[in-house]
Amino acid sequence: MSSVVVVGTQWGDEGKGKITDFLARKAHMVVRYQGGSNAGHTVVVDGEEFRLHLIPSGILYEDKICVIGNGVVIELGVLVRELQYLQERGKNTSNLRISDNAHLVMPYHRRLDEIEEEQRGEDRLGTTKRGIGPAYRDKAARFGLRVCDLLERETFRKKLATRLEQVNHLLCQVYGTEGFDLEEMEAEFRRYADIIEPHVVDTSLIINQALDAGQNVLFEGAQGTLLDLDHGTYPYVTSSHPTAGGACIGAGVGPTKIDRVIGVTKAYTSRVGDGPFPTELTGETGDWIREKGHEYGTTTGRPRRCGWLDTVILRHAVRVSGLTGLALTRLDTLGGLKEIKICRGYRYRGRLLTEFPHSLDVLKECEPVYEEVPGWDIDISHLTDYDDLPVEAKNYLQRVEELAGVKIDLVSIGRERAQTISLHRVF
Ligand code: IMP
């Protein structure tokens, strides 16, 4: 048995979809454990591009069991469209399993997300407006609707009617906008229920059975460490736990069942949404990285803010998720730069900080302290062997390992599955 959790170490968009897809070759089961359709995973297989938001990217293999765990919040309209999209492209979706204990993202969650972002004005969080915050809020406040409620016709109608009365009051009386119609929403969700019902199971049970049977299980995190509700740049975070602990809660497995945790990190840093970003490059180099790396959001199309690799952030991710190794992506994007900078600490009011601060007021004032290493000018995207990398690229990787305090297991040098160099075995 082997179980591996894949997490993002930065602000999301590190290339987790590609790394999960690569590792899924050796897995029997792939499990999503948190987040919702705010995530966007792009995977390229034999030149064909797939964009997924909810379904684990393991679905692109014929024979993997793919699980949407209890910790995910599911927008059924998106899920049903994704199933259809995969079926139209000839993919087998019969291996999808959906937790009966997962919560639903309802149409009013999306509406509230939009209204609340608007109301925050200049202090907006830059959410994806997919209703994620309001859905997790309802879950925590015990107003949520779960997949198992949806499958019980009477229970669902009763719970929906109660919640809609409260939400419509808020929408009409407080925000002065239109409410939702119970009959219409119920009919829409009945259609969804019929489509998803064959996939619904107790996913914690089947994951634990797979582990006990000695199968390889891969847990796929969405977003990244700095978007974690507890360990991220609060309040500029998402409402779930993308760190490794989230896998236990969001999949229903004990921490004793996790063998390895791989942190995916870009060779530089990017961020969508608002909030402080110490190594952000607002000039020419930042634009160059954005264009070369096609740094535009999969879910919203927004341009991503780009900057140098920050190993203060990496060390934070290593600590809070107990990373056993790194998967470094987009090394090819840095090719062509004369010098590459790596942030190893922050200067704050004359002091050197080596650990990531929690206060955003402190973070805003932090000036990155850089080391410079020479770049390389050859195209590395076709290489298959670590030994063939230019010496400058190897030196860069070595320095990242030293500063992060953890080894690099995988290096990604392009979008294709095959453009991945293995340094150490993961499964
Ligand atoms: P929410 O998850 O839509 O509530 O957005 C909260 C913050 O997380 C915003 O800064 C979003 O841009 C960010 N975010 C959410 N999902 C992703 C993702 O998959 N990649 C990168 N950023 C994300």
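Counting starts from 1 at the beginning of each chain's written sequence and moves along it residue by residue. Selection of residues for local features in this predicted model requires a pLDDT of at least 70, selection of side-chain atom pairs for listing and counting requires 80 or more, and totals for whole chains, interfaces and linings are taken over all residues. Computation of side-chain values covers all heavy atoms of the structure but excludes hydrogens and water.

Draft legend 1. Highlighting the state of the cysteines. The rule for a disulfide is simple: a pair of cysteine sulfur atoms within 2.5 Å. Applying the stated criterion across every chain, the model contains zero disulfides. Cysteine Cys306 is unpaired, with the sulfur of Cys343 as its nearest cysteine sulfur at 16 Å. For Cys306, a relative accessible area of 0% corresponds to the buried category. With no disulfide of its own, Cys366 lies closest to Cys343 among cysteine sulfurs, the gap being 9.0 Å. Three labels apply to residues, based on accessible area from a 1.4 Å probe with only protein chains included: buried if under 20% of the type maximum, exposed if over 50%, partly exposed otherwise in between.

Draft legend 2. Expanded view of the site of the ligand. Distances are taken per atom, and a residue is near a molecule or strand as soon as one of its heavy atoms is within 4 Å of it. Near the ligand, the surroundings consist of 16 residues, among which Asp13, Asn38, Thr128, Thr238 and Arg302 are the closest. Any pair of nitrogen or oxygen atoms within 3.5 Å is treated as a polar contact; in protein, a donor-acceptor pairing is required on top of that, and neighbouring residues in sequence qualify only through side-chain atoms on both sides. Asn38 places a polar side-chain atom, nitrogen or oxygen, 2.9 Å from an oxygen atom of the ligand. Out of a free accessible area of 470 Å², the ligand has 96% covered by protein chains. Along the lines of polarity and charge, the residues of the shell around the ligand split into six nonpolar, eight polar and two charged. Residue-level mapping places the shell around the ligand at the junction of two domains, with at least three residues from each of domain 1 (2-93 + 202-422) and domain 2 (103-198). What sets the accessible areas is the Shrake-Rupley method with a 1.4 Å probe; for residues, cover comes only from the shown protein chains. Here the term charged refers only to Asp, Glu, Lys and Arg, the term nonpolar to Ala, Val, Leu, Ile, Met, Phe, Trp, Tyr, Cys and Pro, and the term polar to all other amino acids, Gly among them. In this document the domain limits rely on a domain assignment from an automatic tool or a database.

Draft legend 3. Spotlight on the domain arrangement of the protein chain. Examined at the domain level, the protein chain breaks down into domain 1 (2-93 + 202-422) and domain 2 (103-198). Placing the centre of domain 1 and that of domain 2 at their C-alpha centroids yields a distance of 29 Å. We call two residues contacting when some pair of their heavy atoms lies within 4.5 Å. Each partner contributes to the interface: domain 1 provides 27 residues, whereas domain 2 provides 22 residues. For the pairing of domain 1 and domain 2, the buried interface totals around 2000 Å² over both sides, and the portion due to carbon and sulfur atoms is 61%. Taken as a group, Val73, Glu75 and Leu76 account for 29% of the area that domain 1 buries against domain 2, more than any other trio of residues on that side. Here a salt bridge means any side-chain nitrogen of Lys or Arg lying within 4 Å of a carboxyl oxygen belonging to Asp or Glu. Linking domain 1 with domain 2 are two salt bridges. When the shortest N-O distance is used, the salt bridge between Arg124 and Asp274 registers 3.6 Å. Where domain 1 packs against domain 2, one counts six residue pairs in polar contact (both at pLDDT 80 or more). Within the residue set of the side of domain 1 that touches domain 2, elements represented by two or more residues are strand E6 (73-74) and helix H2 (76-88). By the criteria applied, helices consist of DSSP H or I runs no shorter than four residues and strands consist of E runs no shorter than two, each listed in order from the N terminus. Sort the elements by how many residues they give to the side of domain 1 that touches domain 2 and H2 lands first, with six residues. Per-class residue counts for the side of domain 1 that touches domain 2 are 10 nonpolar, 14 polar and three charged. Here's the idea: put two parts together, see how much 1.4 Å probe accessible area each one loses, and the total over both is what we call buried area.

Draft legend 4. Molecular detail of unusual backbone geometry. A cis amide bond links Tyr234 to the next residue, Pro235, at an omega of 5 degrees. Within the element layout of this structure, Pro235 appears in the loop between strand E10 (216-220) and helix H9 (245-251). Despite not being glycine, Lys129 has its phi angle at roughly 60 degrees, a positive value. Here Lys129 shows up in the loop between helix H3 (107-120) and helix H4 (132-140). Even without a glycine there, the phi angle at Arg330 is positive, about 65 degrees. Note that Arg330 resides in the loop between strand E15 (325-329) and strand E16 (339-348). Given the relative accessible area of 24%, Arg330 is considered partly exposed.

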